[in-house]
Structure formats: C-alpha cells, structure tokens
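Next come the chains, spelled out residue by residue.
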Amino acid sequence: PFDVLVIGGGPAGAASAIYAARKGIRTGIAAERFGGQVLDTMAIENFISISHTEGPRLVAQLEQHVKDYDVDIMNLQRAEKLIPARSEGGLHEVKLAGGASLKARTVILSTGARWRQMNVPGENEYRNKGVTYCPHCDGPLFKGKRVAVIGGGNSGVEAAIDLAGIVAHVTLIEFDSDLRADAVLQRKLASLPNVKVITSALTTEVIGDGEKLSGLVYKDRNHDTVHEVALEGIFVQIGLVPNTEWLRDSIALTNRGEIEVDHRGETSQRGIFAAGDCTTVPYKQIVIAMGEGSKAALSAFDYLIRLPAA
Ligand code: FAD
C-alpha cells in the first residue's frame, strides 16, 4: 500500500506528490489527465516569480519535477470510488475505472474543477470559434469586437468590467431578475459606457454560419419574447463545477459539491485530505492550488507519524 496516494495530477496534486515524496514515504499519484486545467491554458502571467509562461510548458516542468522523486505516476487513470478505512489508521481504498483498486494509509484528493456550460445548441459547435470560458486568456482576441458575458455573479461581472476595457461592446446576460455580484462590482459595471445589462434572460442558442459565431438567442423571461444579439464572442461565466461527483457517498461535500476541508486540508474522514479547486478554499488559482497541495501533504505526513507502530 501507499503511505500517500494522490488522486488528480494538476498543480495541487503535483505539489502534494513532491512534498510527500520528499519525506521519503511511499507516494503514488493517479490522474485522469496529468496537468489538469493548466494543459488548457495558454498565457500564464500570475505564476509568481515567472513573469510569463504557457500551460503546456508549465505542465512539462511539473511532470519533470515530480519525476525527480520516487513517485509512482499512474496517468490516464480515473478514480470512481473512495472507500474510507473502517478504523483509524486502516487502509483507504480507491477504485479505478477498469477495475483496479489502490490502497493507502492517507489519500489526498485533488481532482480540480471544470467550467459549467450553458448546455444550449451551438455552445459546443462554436467553442474556440467564439465561445470561451476564460476572459483572462481570450479577452485580447476580441479587441474592438462585440461580446456577451453570460452570468451576473462575481465572475461574470468581473469579466464584463475586464472585457469592457478591451472590446467594443459588452452585453451581460443574467438569468435572474438581479445581478448577484458584490455591490462595488455592480457600481463599477454601471459606470461603464460600453456595457449593457440584460436581466431575466435565458440564453437558448448560440448561432453562427457553421464556421464563426454570429450571436446568441435569448428568451425574455418576463414577457416570454425571443431576442437575438449580434456578437463575435461569448464568455460563459456561470460557475466552476468541482470534479467530486464520485465522492458523494464517502466524504462531506458542500451543496455546490466542494470538498469540505479544515485549515490543515483534512476532510470529514481522518487520513483523507484534499487540496485545490475541488475544495472549499476560495480563489481557484495555480499558486493557491500548489500551496494547498503542499499543505495537505505535510498534514498527511503529520497524520502518519502519529499512527501507532504496526
Ligand atoms: P486541476 O488543474 O483541475 O487538476 C485536476 C486533476 O485531477 C487533473 O489531473 C484531472 O485529470 C484529475 N482528475 C479529475 N477527476 C479525476 C478522477 N475522478 N480520477 C482521477 N483524476 C481525476 N490559474 C492561474 O493561476 N492563472 C491563470 O492564468 C489561469 N488561467 C486559466 C485558464 C484556463 C483556460 C483555465 C481552465 C484555468 C485557469 N486557471 C488559471 C485556473 C487554474 O488552472 C486552476 O486553479 C488550477 O489548475 C487548479 O489546480 P488543481 O490541481 O486543483 O486542479
């Protein structure tokens, strides 16, 4: 069995594996796709001490750093079930798709998150042809163009404020009758001349000519009327979904599916820790995920050295 078994190979999982392996304990890392969200990221300019890097490059460096240590890397392995130890100090079990099963004294869950989609016709068809989920990455591509932001929570309103400084015009579309973002953000948004806010609107379709996106269709929920907005880009900002569906029966999750962790990164089960975007820790960022992953590994080590000698 492993002393530390990490599930997930993004920045949080890589940091956990390195910190654990440096303690000289048996460490394994199983990931559906090593690199995680960072693989899908182009420019990264907030990775402290590196002014600019690219996702795939950072992933290659993460992988090399993990490989500097004696870590059992199991890539392309999806965990499907977690069975916590029956008694304190016992072995936890993780079942993988395909039937294999791994056992470990401590587990660190770092399965990250994914962007929530609108699930309307055209959304997938025009992904990367106008539909995007990342204003920081793709904002500059729409310089001088018309875009919509879907979602009036903090991330949607932040995105609209951000994009208004780059693009010609922003239409912010919110399903509810009010925006849900912090008041200070809403005031800032209202002060911008090139932003229009449409509330009580349900986006029903992304349209285009098959090659490029040309707009969206929404339903006015108050009047039951259908409208079209001509656009070159759509930024979907309706939330991040933690990759924790498979943990529902094993550990405590919030109603949004985030793994509840304490200040040491421990979950509701002794000896099972979690880190990164899949947890309740706020601000889903690479440096934060790495810090939390390191912390979870140190907490796992601390737990292990307190177990009675076998
Ligand atoms: P993830 O990176 O999501 O990694 C999760 C890992 O778990 C993956 O290896 C995945 O395959 C694996 N996994 C999931 N489910 C299972 C399962 N059941 N079994 C086994 N493995 C599983 N942050 C910044 O700081 N700066 C930026 O510029 C930036 N830009 C971004 C741009 C884009 C397009 C995106 C999508 C994100 C960006 N982020 C950025 C956010 C950053 O990528 C995340 O905060 C960070 O990757 C979170 O790390 P993580 O390790 O918690 O999760």
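Residues numbered from 1 in each chain as written. Predicted model: local features only at pLDDT ≥ 70, side-chain atom pairs only at ≥ 80, totals over all residues.

Participant: I keep staring at the overall build of the chain and nothing clicks. Help me out?
Facilitator: Helices and strands together make up the secondary structure of the chain, namely 6 helices and 19 strands. Taken over C-alpha atoms, the radius of gyration comes to 22 Å for the chain, in line with the 19 Å a tight globule of 310 residues would show. Projecting the C-alpha coordinates of the chain onto the three principal axes gives extents of approximately 70 × 40 × 40 Å. (Helix = DSSP H or I, 4+ residues; strand = E, 2+ residues; numbered from the N terminus. Rg over C-alpha atoms; globule rule 2.2 N^0.38 Å.)

Participant: Please explain the packing of helix α4 (residues 154-164) against helix α5 (residues 183-190) as it appears in this structure.
Facilitator: Packed helix pairs are characterised by how far apart their axes lie and by the angle those axes make with each other. In contact at an axis separation of 10 Å, α4 and α5 are set at 30° when each is read in the N-to-C sense. One way to sum up the angle between α4 and α5 is to call them roughly parallel. Relative to α5, the crossing made by α4 is left-handed. On α5, the residues that touch N154, V157, E158, A160 and I161 of α4 are L185, Q186, K188 and L189. Classifying every residue of the contact of α4 with α5 by side-chain character gives 5 nonpolar, 2 polar and 2 charged. (Axes fitted to C-alpha atoms, helices over the stretch in contact; angles between N-to-C directions. Parallel < 35°, antiparallel > 145°, perpendicular 65-115°, else oblique. Left-handed = near helix turned anticlockwise from the far one by under 90°. Contact = placed C-beta atoms within 7 Å. Nonpolar A, V, L, I, M, F, W, Y, C, P; charged D, E, K, R; others polar.)

Participant: Sorry, what's going on with the sheet that holds strand β15 (residues 213-220) here?
Facilitator: Where strands meet in a sheet, backbone hydrogen bonds hold them as pairs that are either parallel or antiparallel. With antiparallel pairing, the 3 strands of this open sheet are ordered in space as β14-β15-β16. Two strands close off the open sheet at either side, each with one partner strand: β14 (201-208) and β16 (225-230). Sheet twist, expressed as the average angle between the axes of neighbouring strands with direction ignored, equals 25°. (Pairing = 2+ DSSP bridges.)

Participant: Looking at this structure, I do not really get the pairing of strand β12 (residues 169-173). What am I missing?
Facilitator: Counting buried residues in β12 gives 4 out of 5 residues, a clear majority hidden from the surface. Summarising the sheet, strand β11 (residues 146-150) and β12 pair through 5 bridges and their orientation is parallel. Its bridge partner being in β12, I150 is matched across the sheet by I173. Running through α4, the crossover from β11 to the neighbouring parallel element β12 is right-handed. Where β12 meets strand β13 (residues 195-198), 4 bridges bridge the pair, whose relative direction is parallel. Counted as the bridge partner of T171 is K196 from β13. (Buried ≥ 20, exposed ≤ 12 C-beta atoms within 10 Å, placed from the backbone. Right-handed = clockwise from strand over helix to strand, strands pointing away.)

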